[in-house]
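Single-letter residue listing:
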Amino acid sequence: DAKGNLLESAAAERTSVLDPAVAFLLTGLLETVVKEGTGRGLAAFGWNWPAAGKTGTTNEGSDAWFVGYTPRLAAGVWVGEDRRRALKLTGAKDALPIWARFMLRASGPESGAFIEPPGLVKAKIDPLTGMRAVSGCPQRAEEIFVKGTEPPYCTLHKGGIGGFFNRLFGKTKQN
């Protein structure tokens, strides 16, 4: 009330709706938006802490938004007006700067990264096929998977698992 007395209180209830390992993978995708995609403009505002998010823009730029989060705080910014007019707004140009200024004031410099939960495994992938890399794959990239969802071994390139013995016996060898 006006005197600062608490009038009502309710305990927050938490219910997990997404496996933490899946949520971590989704966060990784949304971190890429901030590092390399439409949200990379955060760096221009002095942002160099962990963040994940997504920009959005409707047809003709009548609405634009950026929804993002850090390990400590989540916020969304919408820019537009009630009447549907072509304003030529974009999430990256119009909403992202507002989000950055708000988060810098509300959260301050972030320390630490998003916490990796149990249940994840790393595997080397052949970027050409999306399959697990074998010795004959010309390129490799490390990716994270929920344990048990790793792709099968590459059969396009020779060597290792994708080679002669795999075709002959139909077996796979684990790393």
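Below is a summary of the structure that appears in this document. Every value quoted in this text rests on a predicted model; they were computed, and no experiment measured them.

Counting residues in hydrophobic clusters, the biggest one holds 15 residues, and the most contacted among them are Leu42, Trp47, Ala51, Phe66 and Trp99. Mapped by element, the contributors of at least two residues to this core are β2 (63-69), β3 (74-80) and α2 (91-106). Take this core: its biggest share by element is five residues, from α2. Those residues in contact with Leu42 that sit more than four places away from it in its chain are Val34, Trp47, Ala51, Leu96, Trp99 and Ala100. Judged by nonpolar contacts, the second largest core, of seven residues, contains Phe24, Leu30, Phe114 and Leu120.

Judged by pairing direction, the sheet is antiparallel, and its three strands sit side by side in the order β1-β2-β3 without closing on themselves. Each edge of the sheet is formed by a strand with only one pairing partner; in this case those strands are β1 (52-57) and β3. For this sheet the average axis-to-axis angle between neighbouring strands, irrespective of direction, equals 5°. In this sheet, β2 lies alongside β1 in antiparallel orientation, the contact comprising six bridges. In the sheet register, Gly56 faces β2, and the bridge partner there is Trp65. The strands touched by helix α1 (residues 20-36) are β1 and β2; relative to β1, the strand with the most contacts, the crossing angle is about 65°. Against the sheet, α2 touches β1, β2 and β3, its axis set at about 140° to β3.

Further remarks concern unusual backbone geometry. Of note, the phi angle at Glu60 is positive, near 65°, even though the residue is not glycine. Assignment of secondary structure puts Glu60 in the loop between β1 and β2. A relative accessible area of 61% places Glu60 in the exposed class. A positive phi is found at Lys88, a non-glycine position, where the angle reads about 60°. Relative to the elements of secondary structure, Lys88 occurs in the loop between β3 and α2.

On to the pairing of β3. Covered by surrounding structure in β3 are Ala75, Val77 and Val79 only, the residues Ala74, Gly76, Trp78 and Gly80 on the alternate face being uncovered. Relative to β3, β2 is paired through seven bridges, and the arrangement is antiparallel. Opposite Val67, over in β3, you have Gly76 as the bridge partner. Counting the residues between successive antiparallel strands, the hairpin from β2 to β3 contains four residues.

Turning next to the layout of surface pockets. Put simply, the largest pocket is a space of about 210 Å³. Along its surface, the largest pocket is lined by Phe24, Leu25, Gly28, Leu29, Glu31, Thr32, Lys35, Glu143 and Ile144. With seven residues, the single largest contributor to the lining of the largest pocket is α1. Looking at side-chain class alone, the lining of the largest pocket contains four nonpolar, two polar and three charged residues.

In this section: a nonpolar patch on the surface. The grouping of Val17, Leu18, Val22, Leu26 and Leu29 at the surface amounts to a nonpolar patch, some 480 Å² of accessible area in total. Position of Val22 relative to the elements: it lies in helix α1. Here Val22 falls in the partly exposed class, since its relative accessible area comes to 36%.

A separate point is the pattern of salt bridges. Applying the stated criterion across every chain yields a total of five salt bridges. Its salt-bridge partner being Arg85, residue Glu81 comes within 2.7 Å of it at the nearest N-O pair. Linking Lys93 and Asp94 is a salt bridge whose minimum nitrogen-to-oxygen distance equals 2.9 Å. For Asp94, a relative accessible area of 19% gives the class buried.

Analysis parameters
- Residues numbered from 1 in each chain as written.
- Predicted model: local features only at pLDDT ≥ 70, side-chain atom pairs only at ≥ 80, totals over all residues.
- Heavy atoms only, no water.
- Core = buried A, V, L, I, M, F, W, Y, C linked by side-chain atoms within 4.5 Å.
- Buried < 20%, exposed > 50% of the residue type's maximum accessible area, 1.4 Å probe, protein only.
- Helix = DSSP H or I, 4+ residues; strand = E, 2+ residues; numbered from the N terminus.
- Contact = heavy atoms within 4.5 Å.
- Pairing = 2+ DSSP bridges.
- Axes fitted to C-alpha atoms, helices over the stretch in contact; angles between N-to-C directions.
- 1 Å grid on protein atoms, 1.4 Å probe; cavity = no way out; pocket = protein on both sides within 12 Å on 5 of 7 lines; lining within 4 Å.
- Points joined across faces, edges and corners; volume = space filled by probe spheres on them.
- Nonpolar A, V, L, I, M, F, W, Y, C, P; charged D, E, K, R; others polar.
- Patch = residues over 30% accessible without salt bridge, like charges linked within 9 Å, V, L, I, M, F, W, Y side chains within 5 Å.
- Areas by Shrake-Rupley, 256 points an atom, 1.4 Å probe, with all protein chains shown as cover.
- Salt bridge = Lys/Arg side-chain N within 4 Å of Asp/Glu carboxyl O.

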